[in-house]
Amino acid sequence: MVQKICSTTEVQVIEGVTVDVKARVVTVVGPRGTLTRDFKHLSVEITKDAKGLIKVSKWFGTKKQLAAVRSVVSHISNMMTGVTKGFEYKMKMVYAHFPINVACDKVNGSKTNNKIEIRNYLGEKVVRVAIMGEGCVVDRTKEKDEIMVTGNSLENVGRSCSLIQQMCAAKHKDIRKYLDGIYVSSKKVIE
């Protein structure tokens, strides 16, 4: 099998953001906050030059290993977007008969709403509770039956939304018939 000698991808640091790279740990600081991500599980070379260019390189990699280069660049780019603009996911509550009740609350001494309680799903008495990921805020919107999850980290916002969606799964029922639940309706970058 032929191995590529060196695969390199670059990403430009956007203005208003400082990126620090030390031993494959990338820290991005911007106006909305700080994000840190550890890439030590990947055997790639991450360097930053004086022009504000971040280079991710992989030497003598197989096809699967070379795919990690672009993934690291995408993660760093998403981190820079997160600390400058932020991410917003909107979710819709869908129900046929029993209206789903949602309450957003603070937990663990937080200043923002980072807990959601879901009641009356399919008429069940059990209260479903989800704690949002670090830095994520959940709130109701002005629109009926809609909630919004916002944050700086794309991974945490997406993970929080998937946690909400998976909690409201119709267990032991025909999912073609029971479509009740809370689903992601839109994803966007906050302007």
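Here, the structure is the one placed above.
Report on the accompanying structure. Bear in mind the structure is a predicted one, so any value in this text is a computation, not a measurement.

**Brief notes about the sheet that holds strand β6 (residues 53-61)**
Within the open sheet, the three strands sit side by side as β1-β6-β5. Their pairing is antiparallel. Only two strands of the sheet have a single neighbouring strand rather than two, namely β1 (4-12) and β5 (45-48). Taken over all neighbouring pairs, the strand axes of this sheet differ in orientation by 20 degrees on average, direction set aside. One ladder, built from eight bridges, connects β1 with β6; its direction is antiparallel. Bridge assignment links Val11 to a residue of β6, and that residue is Ile54. Most of the contacts of helix α1 (residues 63-84) go to β6, to which it runs at about 165 degrees, and overall it touches β1, β5 and β6.

**Describing unusual backbone geometry**
Phi angles above zero are rare outside glycine, and Phe60 is one such case at about 50 degrees. The residue Phe60 is located in strand β6 in this model. Residues other than glycine seldom take positive phi values, yet Asp145 does so here, at roughly 55 degrees. With respect to the secondary-structure elements, Asp145 resides in the loop between β11 (137-140) and β12 (146-151).

**Observations regarding the environment of Phe87**
Here Phe87 lies in strand β7 (residues 87-94). C-alpha of Phe87 to C-alpha of Lys125: the two residues are 38 residues apart in sequence and 33 Å apart in space.

**Notes on the layout of surface pockets**
Over the atoms rolls a probe the size of a water molecule, and in doing so it shows where empty space is left. In this structure, the largest pocket encloses a volume near 160 Å³. Lining of the largest pocket is provided by Thr34, Leu35, Glu134, Gly135, Asn152, Ser153 and Asn156. For the lining of the largest pocket, the residue count by class is one nonpolar, five polar and one charged.

**What to know about α1**
Between its first and last C-alpha atoms α1 spans 33 Å; for 22 residues at 1.5 Å apiece the expected length is 32 Å, and the two agree. Listed as buried for α1 are Ala68, Val69, Val72, Val73, Ile76, Met79, Met80, Gly82 and Val83. Looking at the residues trailing α1, positive phi occurs at Gly86, about 100 degrees.

**Examining the pairing of β5**
Of the pairings in the sheet, the one linking β5 to β6 comprises four bridges and is antiparallel in character. Within the sheet, the bridge partner assigned to Lys48 lies in β6 and is Ile54.

**Looking at the pattern of salt bridges**
For the structure on display, the rule yields 10 salt bridges. Where Lys188 meets Glu88, a salt bridge forms, and the shortest distance between an N and an O atom there is 3.7 Å. One end of the pair, Lys188, is in strand β13 (residues 181-189); the other, Glu88, is in strand β7, and 100 residues separate them in sequence. Looking at Glu88, the relative accessible area reads 10%, which means it is buried. Two residues, Glu143 and Lys92, come together in a salt bridge whose shortest N-O distance is 2.6 Å. One end of the pair, Glu143, is in the loop between β11 and β12; the other, Lys92, is in strand β7, and 51 residues separate them in sequence. The partly exposed category is assigned to Glu143, whose relative accessible area is 43%. Where salt bridges share partners, they join Lys92, Glu143 and Glu146 into one cluster.

Quick notes on the rules
Residues numbered from 1 in each chain as written. Predicted model: local features only at pLDDT ≥ 70, side-chain atom pairs only at ≥ 80, totals over all residues. Heavy atoms only, no water. Pairing = 2+ DSSP bridges. Helix = DSSP H or I, 4+ residues; strand = E, 2+ residues; numbered from the N terminus. Axes fitted to C-alpha atoms, helices over the stretch in contact; angles between N-to-C directions. Contact = heavy atoms within 4.5 Å. 1 Å grid on protein atoms, 1.4 Å probe; cavity = no way out; pocket = protein on both sides within 12 Å on 5 of 7 lines; lining within 4 Å. Points joined across faces, edges and corners; volume = space filled by probe spheres on them. Nonpolar A, V, L, I, M, F, W, Y, C, P; charged D, E, K, R; others polar. Expected span 1.5 Å × (residues − 1). Buried < 20%, exposed > 50% of the residue type's maximum accessible area, 1.4 Å probe, protein only. Salt bridge = Lys/Arg side-chain N within 4 Å of Asp/Glu carboxyl O.

By themselves, these figures tell us nothing about what the structure is for.
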